[in-house]
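Below, each chain spelled out in residue letters.
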Amino acid sequence: MISGNSGKYNYNKIFGYLLPLIFTFFFLYLAFHNVNLVDLVEKLSAVSVKWMLVFISFFLLSHLARAIRWKYIINSVKPDVSLLNAFGAVMIGYGINCAIPRLGEVYRSMFLGKWENISRSSLLGTVVVERVIDILSLAFAVLISVIIFPGDLYSKVVWLKPTVYAIFIIMSIAIVGLILTVRFKEKFYNIILKFVGKFSPKIAEKLANVFSTFAVGFASLKGTKNIVMTFFYTVVIMSIYGYNAYIGFYMLGMENIIPVSVSMGWIVMTISAFGIVIPTPGGTGTYHFIAIAVLTGIFGFGEDISAAYAFLTHIIAYILFIAMMFVSFYVINNIRSRKGFPKETFLSVFKNRERLIG
């Protein structure tokens, strides 16, 4: 009996790991099957090093802004969180996501929780809140794209309008649910235990802990200054993303093919960002497919140069995430070690599991 359940669990686990890879290869094929690989390599070999360095600088700046925003979100939990620790945890999270989608959000919370001695369940809740903010800001960014595009963007990207509507509906429900969860935490907890517990006490316990985590995280964002600064840095992050997409044109000399503008970069960023939302490792495949479709279908760039843009912007981000993950891991552990604190590993951060629900 135990063996059978264990086997079923393992099959589900294997399928959970394989599904993102299947999506990755499927979308990579869709993105590149019409691309001339020789031409692609030729265009990549002519990349501007100067503009690439600018791209890398803005890329890192955007994630520094993300770390600062996270500090404001968790300010009521702990007001003196180290920016280095917050930035390191952010980069470790994204580095892990390059291998296993969404696991990085857990690791991000685990590392900062260990480094700052904060309840890791509280931090996990703040990451959930941050993702709600990100998805809502993406939807608003798309609306800006619709306004600044000289034409009917919805007719160019037929799935965009229903997707934006769906995001607003789902996020509205989620926000209302989070507010109710915070205000009536005990009632929600008891209802879940009572209703779901009739079918599975174990699942009821897990769901109750999830609601508790969300409630703690959502309640952490309070205070006028923290809310205002969270909004401000959200605008900063999205602005840098949009400008960096614009810089991407210059890395490949695309301004010599078609006149480019910041608004074009903004539109490419907002729509191709949906490829990052889909849970593939680091957005691989899905980002390429959507970015190429936007560049060719909306702005009229050729297939090969569009593929070069998608490949280059993605591979830079991918390499930087993984490199910065190890750099952050090494630097912060060494600093902590000199202060007499133990070095953390990708296993040690999960010790003392009781804190996950505390």
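Source: prediction; values computed, not measured.

## Brief notes about the overall build of the protein chain
Piece 1. When helices and strands are tallied, the protein chain shows 15 helices and zero strands.
Piece 2. Taking all 358 residues of the protein chain together, 46% fall into the buried category.
Piece 3. When contacts within the protein chain are restricted to residue pairs at least 6 apart in sequence, long-range pairs at least 24 apart make up 73% of them.
Piece 4. When the accessible area of the protein chain is evaluated, it comes to approximately 18100 Å², of which 71% is carbon and sulfur surface.

## Quick notes on the confidence of the model for the protein chain
Residues shown with low pLDDT carry predicted positions that ought not to be read at fine detail.
Piece 1. In the predicted model, the protein chain carries a mean pLDDT of 86, and 85% of its residues have values of at least 70.
Piece 2. Per-residue pLDDT stays below 50 along residues 353-358; that stretch engages in 14 contacts with residues further than four places along the chain or on separate chains.

## Side note on the nonpolar core
Piece 1. Ranked by size, the top nonpolar core spans 88 residues in total, and within it W70, F249, I271, F299 and Y309 carry the most contacts.
Piece 2. Counting residues per element, this core draws most heavily on helix 15 (residues 303-338), which supplies 14 residues.
Piece 3. Residue contacts for F299: discarding those within four places in its chain leaves F149, I258, M264, I267, V268 and V294.
Piece 4. One finds A65, Y72, Y233 and I237 within the second-largest nonpolar core, a separate group that totals five residues.

## Looking at helix 5 (residues 103-116)
What sets the pattern is the α-helix's 3.6 residues per turn: residues three or four places apart point alike.
Piece 1. Compared with an ideal rise of 1.5 Å per residue, which puts 14 residues at 20 Å, helix 5 spans 20 Å between its outermost C-alpha atoms and is within 8% of the ideal.
Piece 2. Taking burial as the measure, the 14 residues of helix 5 include twelve buried ones, the bulk of the element.
Piece 3. G104, E105, Y107, R108, S109, M110, F111, L112, G113, K114, W115 and E116 are the residues of helix 5 that are buried.
Piece 4. Looking at the buried side of helix 5, the elements it contacts are helix 3 (49-73), helix 4 (83-97), helix 6 (120-148) and helix 15.
Piece 5. Once helix 5 ends, the next one or two residues include N117, with phi positive near 55°.

## Things to note about the pattern of salt bridges
Piece 1. Under the definition given, this model contains eight salt bridges.
Piece 2. In this structure, R69 engages D134 in a salt bridge whose closest nitrogen and oxygen atoms are separated by 2.8 Å. With a gap of 65 residues between them, R69 in helix 3 and D134 in helix 6 connect regions that are remote in the sequence.
Piece 3. For R131, the salt bridge is made with D134, and the minimal N-O distance between the two is 2.6 Å. With R131 and D134 both in helix 6 and three residues apart, this pair spans about one turn of that helix.
Piece 4. Residues joined by salt bridges that share partners form a network here, namely R66, R69, E105, R108, E130, R131 and D134.

## What about the layout of surface pockets?
Piece 1. In this structure, the largest pocket spans a volume of roughly 1000 Å³.
Piece 2. Broken down by secondary-structure element, the contributors of at least two residues to the lining of the largest pocket are helix 3, helix 4, helix 6, helix 11 (224-251), helix 12 (262-272), helix 13 (274-277) and helix 15.
Piece 3. Counted by class, the lining of the largest pocket contains 21 nonpolar, eleven polar and five charged residues.

What counts and what doesn't
- Residues numbered from 1 in each chain as written.
- Predicted model: local features only at pLDDT ≥ 70, side-chain atom pairs only at ≥ 80, totals over all residues.
- Heavy atoms only, no water.
- Helix = DSSP H or I, 4+ residues; strand = E, 2+ residues; numbered from the N terminus.
- Buried < 20%, exposed > 50% of the residue type's maximum accessible area, 1.4 Å probe, protein only.
- Contact = heavy atoms within 4.5 Å.
- Areas by Shrake-Rupley, 256 points an atom, 1.4 Å probe, with all protein chains shown as cover.
- pLDDT = per-residue confidence, 0-100.
- Core = buried A, V, L, I, M, F, W, Y, C linked by side-chain atoms within 4.5 Å.
- Expected span 1.5 Å × (residues − 1).
- Salt bridge = Lys/Arg side-chain N within 4 Å of Asp/Glu carboxyl O.
- 1 Å grid on protein atoms, 1.4 Å probe; cavity = no way out; pocket = protein on both sides within 12 Å on 5 of 7 lines; lining within 4 Å.
- Points joined across faces, edges and corners; volume = space filled by probe spheres on them.
- Nonpolar A, V, L, I, M, F, W, Y, C, P; charged D, E, K, R; others polar.

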